[in-house]
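Residue-level structure breakdown
Here are the chains, one letter per residue:
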2 protein chains.
Amino acid sequence: MIGKINLAAISERTGYSVSTVSRVLSGKAEKYRISKAAVKRVTAEAARCNYRPNLLAQSLRTRQSQTVGLVVPGIDNPFFATLSSVIMAQLSQRGYHTLLADSRESAEEERMALQMFQDRNVEGIISVPVASSPELHEDIGREIPLVLIDRYFEKTSLSYVCTDNYAGAYMAAKYLADKGYRRILAIQGVPASMPNRERVRGFLAALEGRDVYCSVRGDAFSVENGQREALAAFSGNPSAYDAIFAFSATILLGAISALRKLGLAEGRDVGVISYDNNGFLDFMNPPVTRVEQPLKEVGEVAVGALFNLMEARRCGDDAPAPVQQLIRPTLVVRESC
Amino acid sequence: MIGKINLAAISERTGYSVSTVSRVLSGKAEKYRISKAAVKRVTAEAARCNYRPNLLAQSLRTRQSQTVGLVVPGIDNPFFATLSSVIMAQLSQRGYHTLLADSRESAEEERMALQMFQDRNVEGIISVPVASSPELHEDIGREIPLVLIDRYFEKTSLSYVCTDNYAGAYMAAKYLADKGYRRILAIQGVPASMPNRERVRGFLAALEGRDVYCSVRGDAFSVENGQREALAAFSGNPSAYDAIFAFSATILLGAISALRKLGLAEGRDVGVISYDNNGFLDFMNPPVTRVEQPLKEVGEVAVGALFNLMEARRCGDDAPAPVQQLIRPTLVVRESC
DNA sequence: CAGTTTTGCGCAAACGATTGCGCGTCTAAT
DNA sequence: ATTAGACGCGCAATCGTTTGCGCAAAACTG
């Protein structure tokens, strides 16, 4: 602290003014016509005492913090962990740092995180929104470039990059039906959430007009929910359904544990298919057929979009049209149905 | 930006000076004997226009950033994701924000992250160290409170909170031997890393003097490594070993896939036991017996220790003795051996 | 040689907050 | 009535950078 070297220190040691030192060290020597001699002397001294600028002061002055804020609903969820990892890697590659916040699925915590981002002059924000209405995000988006990922709002002017949940669920349901399954139970997650609603739509649409009995139950992306619903569905009648479509890997695990408890074997007695990317699914017995979301692509497209917004902002251009993109997931066929 | 309200704005609107406004809004009204009237007028105006202080300016001036830096070797690894989650929750609860960096197991990236933390005046740092020597961490630890987690350096003055990898591996090996397994293959991770070395020590110590043939192979905490080593071990002779001890869940998965490829059933033909907390292990068939690390406790103790250091620093006390704690993991018995 | 341009650099004002010190006014004590 | 203390508040410096403007000396022009 006390001995921390700053521009003033270098200024003293070299005899040049703080201004000159600053200009040299921030690479503006040409622009301000600083002599070769000065440049040399200053850079030498800076290197000698290992000068590093105070980023807070720099940000305060320039209003550029080299930081973007990222808020997710649960970093301990492997899905968001992977997504965060991809995004942070992209940001880091572009010289940006990450302020990470975990909203824990709470709109209130999300609000606090977003405001904190504002108060720290982040240059951009990437958010997996939790709030049920877009107002806060839109307000902040007017001030700071902001891109939604994984979840989005309908009819919003905000940019978003999500996976096409309708298409994903459609693919899964169609696959089951084509395979000959005729009584399908879909166990869903949080009903109000956009991805979930889209999955329900896709699921139903795929089975529309086909001779398949189907049902959608459940209310959370959790193991417990999967377990509860599977238990409820099969305990009275072991052949109530011939297949389960789990809307997340956690739900799947719950369902499988329920099946086993009832003496039913997943894959053999009841076909199962799942959503999510978890590599563990390959090592289940049998390996689980699933809809995988292209997380890497989502992250990359989102960061790309964000930087476009930031670029425009820096140049004073008015914001480009929002990027609103749904990326198709892929069906990974294994042996569970 | 342009319309952002600051102390000056409130000062104008209320007629009080910036100083007074600042004192009122930062709760120092009493200390500076500001009149009730002024307090009321200022707080009202601040509330009316939703004033929020610029955290950069605040940090610059006070040298308190309400931020701690967290660096992990891979946020996409569920182990570190969970650990990060616990830590961030603890920090958030204490009113602190998190600057997260991912070193991707690279000492160079780790160095950059740590320096960046310094340059942003973080008040504390929690690090899962990647570097092979402690110098950098120790240098920074002299300036900023710093606690290591999960990995530590030998003979360091730094605080650390890790799990007792020796004890964990000892428990696992003893359990296998007690169960009657006599030819045990341990598939390790990165040999040089401290947790790995401790696990090897514990593993060997537990089998010392017992009539058990054992071997340690492998060199990475990856699926591929597990697969490669298991394949190499069993392909010549299907009964070369009767049990596998995987040093991580990823290694386990690789090993299992190799076994299956060779027509061997994990649990029945070859006992398996693993390290790691992944809940998926419960849903394998059979569920996998494993050594679980008390991540929650590690995170909590680490944050506690960090805040003690920070507290001392604030009060100008000299640093308290380093907390150097190894927390015992627990053996979670399932059916795979 | 006077006048213009270029060169090289420093002054000082920002960015938005915090805080030591001191100044005026009002009350109370002598 | 005078003085001391309490009271309420503002001035201005500070944290470490950046940057518009301008000034002096050197170089060039005619």
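Residues numbered from 1 in each chain as written. Chains lettered and ligands numbered in written order. Predicted model: local features only at pLDDT ≥ 70, side-chain atom pairs only at ≥ 80, totals over all residues. Heavy atoms only, no water.

**Considering the overall build of chain A**
Per the secondary structure count, chain A includes 12 helices and 12 strands. Along the first, second and third principal axes, the C-alpha set of chain A runs to 90 × 40 × 30 Å. In chain A, the proportion of contacts linking residues at least 24 apart, taken out of those at least 6 apart, comes to 69%. For chain A, the accessible surface area stands at approximately 14600 Å², while carbon and sulfur atoms represent 49% of it. Side-chain charges in chain A split into 39 positive and 37 negative, and the spacing between the mean points of these groups amounts to 8 Å. (Helix = DSSP H or I, 4+ residues; strand = E, 2+ residues; numbered from the N terminus. Contact = heavy atoms within 4.5 Å. Areas by Shrake-Rupley, 256 points an atom, 1.4 Å probe, with all protein chains shown as cover. Lys, Arg positive; Asp, Glu negative; His and termini not counted. Charge placed at Lys NZ, Arg CZ, Asp CG, Glu CD.)

**What to know about the relation of the copies chain B and chain A**
With an RMSD of 0.1 Å, chain B superimposes on chain A once it is rotated by 180° and translated 0.0 Å along the axis. Expressed as a symmetry operation, the mapping of one chain copy onto the other fits a two-fold axis. In this assembly, 100% of the residues forming the interface of chain B have copies in chain A that are likewise at the interface, indicating an isologous arrangement. (Least-squares fit on C-alpha atoms with pLDDT ≥ 70 in both.)

**Focus: the protein's contact with DNA strand C**
In the vicinity of DNA strand C there are 29 residues, among which A:T20, A:R23, A:S35, A:R63 and B:R61 approach most closely. Residue B:Y32 places a side-chain N or O atom 3.3 Å away from a phosphate oxygen belonging to DNA strand C. In terms of residue class, the surface near DNA strand C is made up of 11 nonpolar, 11 polar and seven charged. (Near = heavy atom within 4 Å. Polar contact = N/O pair within 3.5 Å; in protein donor to acceptor, adjacent residues only side chain to side chain. Nonpolar A, V, L, I, M, F, W, Y, C, P; charged D, E, K, R; others polar.)

**Here's the deal with empty space enclosed by the protein**
By the definition in use, this model includes one cavity of 30 Å³ or more. The space that makes up the largest cavity amounts to roughly 150 Å³. When contributions to the lining of the largest cavity are tallied by element, the ones reaching two or more residues are helix 4 (55-62) of chain A together with helix 4 (55-62) of chain B. The residue inventory of the lining of the largest cavity, partitioned by class, reads seven nonpolar, six polar and two charged. (1 Å grid on protein atoms, 1.4 Å probe; cavity = no way out; pocket = protein on both sides within 12 Å on 5 of 7 lines; lining within 4 Å. Points joined across faces, edges and corners; volume = space filled by probe spheres on them.)

**Section: the side chain of B:E45**
Mapped onto the secondary structure, B:E45 falls in helix 3 (residues 36-48). For B:E45, the contacting residues outside a window of four places in its chain are B:I10, B:R13 and B:T14.

**Overview of the domain arrangement of chain A**
Residue and element names in this part refer to chain A. What the domain assignment reports for chain A is domain 1 (7-53), domain 2 (65-163 + 296-331) and domain 3 (165-292). Computed over C-alpha atoms only, the centres of domain 2 and domain 3 are separated by 30 Å. A combined buried area of about 1200 Å² lies between domain 2 and domain 3, and 58% of that area is made up of carbon and sulfur atoms. Broken down residue by residue, the surface that domain 2 buries against domain 3 is led by Y152, P329 and L331, which jointly contribute 47%. Our count for the domain 2 to domain 3 interface comes out at one salt bridge. Close ionic contact of E154 with R197 constitutes a salt bridge, the shortest N to O distance being 3.3 Å. Between the two partners, domain 2 and domain 3, sit three residue pairs in polar contact (both at pLDDT 80 or more). Those elements giving two or more residues to the side of domain 2 that touches domain 3 turn out to be helix 5 (78-93) and strand 12 (330-332). The residue makeup of the side of domain 2 that touches domain 3, split by class, is six nonpolar, two polar and four charged. (Domains from an automatic or database assignment. Buried area = accessible area lost by both parts, 1.4 Å probe. Salt bridge = Lys/Arg side-chain N within 4 Å of Asp/Glu carboxyl O.)

**Concerning helix 3 of chain B**
Residues and elements named next belong to chain B. The terminal C-alpha atoms of helix 3, which comprises 13 residues, lie 18 Å apart, in line with the 18 Å expected from a rise of 1.5 Å per residue. Where helix 3 is buried, its residues meet helix 1 (7-14) and helix 2 (18-25). One or two residues past the end of helix 3 sits N50, with phi positive at roughly 55°. (Expected span 1.5 Å × (residues − 1).)

**Some words on the nonpolar core**
Among the nonpolar cores identified, the biggest contains 92 residues, and A:F234, A:F245, B:F234 and B:F245 are the most heavily contacted of them. In this structure A:F245 touches A:A169, A:A172, A:L176, A:L185, A:A186, A:I187, A:F203, A:I273, A:S274 and A:Y275, once residues within four positions along its chain are discounted. Residues A:V72, B:F80, B:Y96 and B:V147 belong to the second largest nonpolar core, which totals 54 residues. (Core = buried A, V, L, I, M, F, W, Y, C linked by side-chain atoms within 4.5 Å. Buried < 20%, exposed > 50% of the residue type's maximum accessible area, 1.4 Å probe, protein only.)

**Concerning the sheet that holds strand 2 (residues 97-102) of chain B**
The mixed open sheet is built from 12 strands, whose spatial order is 11(A)-5(A)-4(A)-3(A)-1(A)-2(A)-2(B)-1(B)-3(B)-4(B)-5(B)-11(B). A strand with exactly one partner marks an edge of an open sheet, and here the two such strands are strand 11 (324-327) of chain A together with strand 11 (324-327) of chain B. The sheet shows a mean angle of 20° between the axes of neighbouring strands, taken without regard to direction. The sheet strands contacting helix 5 of chain A are strand 1 (67-72), strand 2 (97-102), strand 3 (124-127) and strand 4 (146-149) of chain A together with strand 2 of chain B, and the helix crosses strand 1 of chain A at an angle near 175°. (Pairing = 2+ DSSP bridges. Axes fitted to C-alpha atoms, helices over the stretch in contact; angles between N-to-C directions.)

**A word on the protein's contact with DNA strand D**
Not every one of the 29 residues close to DNA strand D is listed here, only the nearest: A:R61, B:T20, B:R23, B:S35 and B:R61. A share of 60% of the atoms of DNA strand D within 4 Å of the protein falls on sugar and phosphate groups. The contact in question runs from a phosphate oxygen of DNA strand D to an N or O atom on the side chain of A:S22, over 2.7 Å. With respect to DNA strand D, the side chain of B:S19 contributes an N or O atom lying 2.8 Å from a base nitrogen. Sorting the residues of the surface near DNA strand D by element identifies helix 2 (18-25) and helix 4 of chain A together with helix 2 and helix 4 of chain B as the ones contributing at least two each.

**Quick notes on the sheet that holds strand 9 (residues 271-275) of chain B**
Residue and element names in this part refer to chain B. If you trace the six strands from one edge of the open sheet to the other, you get 7-6-8-9-10-12, paired in mixed fashion. Where the open sheet ends on each side, the last strands, each with one partner, are strand 7 (213-217) and strand 12 (330-332). This sheet shows a mean twist of 15° between the axes of neighbouring strands, independent of strand direction. Summarising the sheet, strand 6 (residues 183-187) and strand 7 pair through five bridges and their orientation is parallel. When the bridges of strand 7 are listed, L185 appears paired with S215. Sheet contacts for helix 9 (residues 194-207): strand 6, strand 7, strand 8 (243-246) and strand 9; angle to strand 7, the most-contacted strand, approximately 175°. Packing against the sheet, helix 10 (residues 223-235) makes contact with strand 6, strand 7 and strand 8, and its axis sits at approximately 150° to strand 6.

**Section: the interface of chain B and chain A**
Listed per partner, the contact involves 49 residues of chain B and 49 residues of chain A. Interface area for chain B against chain A, summed over the two sides, is near 4600 Å², with a carbon-plus-sulfur share of 60%. In terms of surface lost to chain A, no three residues of chain B exceed B:L56, B:F280 and B:F283, which account for 18% of the buried area on that side. Linking chain B with chain A are two salt bridges, by the criterion used here. Joining chain B to chain A, the criterion identifies 16 residue pairs in polar contact (both at pLDDT 80 or more). Contributions of two or more residues to the side of chain B that touches chain A are made by helix 4, helix 5 (78-93), strand 2, helix 6 (107-119) and helix 11 (249-261) of chain B. Here the residues of the side of chain B that touches chain A are counted per class, giving 21 nonpolar, 16 polar and 12 charged. Bridge analysis of strand 2 of chain A against strand 2 of chain B gives three bridges, and the strand direction is antiparallel. By the bridge assignment for strand 2 of chain B, A:L100 is matched with B:T98.

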